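Structural features, examined
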Amino acid sequence: MENFTGQHLLGRRQFLGLAAAVAAAAPAVLAGCGSSDTGTTSKDAQQDASYDISGKELTFVGDDAFAPYRYIEMQSDGSSKVVGLDIAIADEMASRLGFTYTFEPQEFAATLATVQSSDTSFTMAMSANEEREQTFDFTRGYYQPRVGVLTMGDEITTIDGLKGKSLACTTGTVQNKFITAVLPDADVHTYDGGDQCLQEVLAGRIDAYVCDGAEGQSMRDANPGLVLGLLDRADTTDYVGVYRLMAQKDAPFVTALDECIGDMLEDGTIDTYISQYVGPDFVWGDGGFSAAGTSTVGDSTGE
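Residues numbered from 1 in each chain as written. Predicted model: local features only at pLDDT ≥ 70, side-chain atom pairs only at ≥ 80, totals over all residues. Heavy atoms only, no water.

Regarding the environment of Ala-65
Within the secondary structure, Ala-65 is located in strand E3 (residues 65–66). Separated by 128 residues in the primary sequence, Ala-65 and Gly-193 place their C-alpha atoms 8.3 Å from one another. (Helix = DSSP H or I, 4+ residues; strand = E, 2+ residues; numbered from the N terminus.)

Below is the structure:
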């Protein structure tokens, strides 16, 4: 593993069936970041605001098989690197603020434990909830996810369409909590990672994988025969919060990253990355999300 502020070379596991993605073309780097709307949950925001992140080395932990947010892309020379929406945003923050970071691939459950025990680690694509806020700090949201349903049969776009089916979810994710809340009697099977859920659907052992919509889009594109349905945001908003950067409670660097995310939302950088890595249909645009809200506004569950 190597520390740097651009893309990161890794030799870890490859995402199942994932086609190579287009490499990121970084927007013009702006000098410095500073926004008056910090939006962190830190108890000592004034101290955080004075923290100089320049020159610091952080660790970004998270699943590297979570396309389009983080996934392994094979290079022509046989090497591999992690790319995706979260990597592009993290790289841009590192360039603007002058810090470096190492990406460390971990499964979802391990990620939570690592971030909780380290004041130099962070992860992304996380939703906030009251329980998590006791242990972690969050930036403002940078992406509004949609709930997807992957099947080998008919397209499912409503909650009613899930009734009577066997469902797979990644353990502890917002999709897992959503489906058990809206369909408490559903036949839900949980697995450690999205690739395991996908395998169960491909093998015909499970009817549907309830997943992050953008992750489902990547899986569908890489596996002929898969069908993706997207649930209406109106049916999921009460359960699916915006995605945020998450760090240990009172980690001193959170305010700086929160402010930088606010700047990147305001100047359109994040929407550009969303359009590139996820697609135009997922861009926040003028939907009331971009550059709006503080760290926990509107969230009711965590990923």
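The rest of the description comes next.
Thoughts on the pairing of strand E14 (residues 244–248)
For E14, the buried fraction is high: 5 of the 5 residues fall into the buried class. Relative to E14, strand E7 (residues 121–126) runs antiparallel, the two being bridged by 3 bridges. Note that in E14 the partner of Met-126 across the bridge is Arg-244. In this structure, strand E8 (residues 136–138) lies alongside E14, joined through 3 bridges in antiparallel fashion. Looking at E14, one finds that Asp-137 is bridged to Ala-247. (Buried < 20%, exposed > 50% of the residue type's maximum accessible area, 1.4 Å probe, protein only. Pairing = 2+ DSSP bridges.)

Brief notes about unusual backbone geometry
Following Ala-67, the chain continues into Pro-68 via a peptide bond in cis, with omega recorded as 5°. Along the chain, the position of Pro-68 falls in the loop between E3 and strand E4 (70–74). Of note, Ala-125 is a non-glycine position whose phi angle comes to about 60°, a positive value. Considering the arrangement of structural elements, one finds Ala-125 in strand E7. Ala-125 gets classed as buried once you look at its relative accessible area, which sits at 0%.

Considerations on the packing of aromatic side chains
Scanning all chains against the criterion turns up 10 aromatic pairs. Seen in terms of ring centroids, Tyr-69 and Tyr-143 are 5.5 Å apart; in terms of plane orientation they differ by 75°. Their pairing is edge-to-face. Pair noted here: Tyr-69 is in the loop between E3 and E4 and Tyr-143 is in the loop between E8 and strand E9 (147–151), with a separation of 74 residues, a long-range link. Given the relative accessible area of 0%, Tyr-143 is considered buried. Considering the side-chain rings of Tyr-69 and Tyr-243, the 5.6 Å spacing of their centres and the 70° angle between planes classify their relative orientation as edge-to-face. With Tyr-69 in the loop between E3 and E4 and Tyr-243 in the loop between helix H8 (233–236) and E14, the pair connects residues that are 174 residues apart, well separated along the chain. Among the aromatic residues, those joined into a cluster by ring pairs are Phe-60, Tyr-101, Phe-103, Phe-122 and Phe-253. (Phe/Tyr/Trp six-rings, centres within 6.5 Å; stacked < 30°, edge-to-face > 60°.)

Side note on the sheet that holds strand E12 (residues 208–212)
Here 5 strands make up an open sheet; going across it, the order is E11-E10-E12-E9-E13 and the pairing mixed. Every other strand in the sheet has two partners, leaving strand E11 (187–191) and strand E13 (227–230) as the edge strands with one partner each. When strand polarity is set aside, the average angle formed by the axes of neighbouring strands in this sheet is 30°. With 2 bridges joining them, strand E10 (residues 166–170) and E12 adopt parallel strand pairing. When the sheet's bridge partners are listed, Leu-167 is paired in E12 with Ala-208. (Axes fitted to C-alpha atoms, helices over the stretch in contact; angles between N-to-C directions.)

Here we look at the packing of helix H2 (residues 85–97) against helix H10 (residues 269–277)
Put simply, H2 and H10 touch, their axes get as near as 9 Å, and they point 150° apart. As far as their axial angle goes, H10 and H2 are roughly antiparallel. Crossing angle aside, the handedness with which H2 passes H10 is right-handed. Every residue of H10 that contacts H2 at Leu-85, Ala-88, Ile-89, Glu-92 and Arg-96 is listed here: Thr-269, Ile-270, Tyr-273, Ile-274 and Tyr-277. A per-class count over the contact of H2 with H10 returns 7 nonpolar, 1 polar and 2 charged. (Parallel < 35°, antiparallel > 145°, perpendicular 65-115°, else oblique. Left-handed = near helix turned anticlockwise from the far one by under 90°. Contact = heavy atoms within 4.5 Å. Nonpolar A, V, L, I, M, F, W, Y, C, P; charged D, E, K, R; others polar.)

Re helix H7 (residues 213–222)
Burial analysis of H7 places 8 of its 10 residues in the buried class, the great majority of the element. Listed as buried for H7 are Gly-213, Ala-214, Glu-215, Gly-216, Gln-217, Ser-218, Met-219 and Ala-222. Here the buried face of H7 lies against E3, E9, helix H6 (194–202), E12 and E13.

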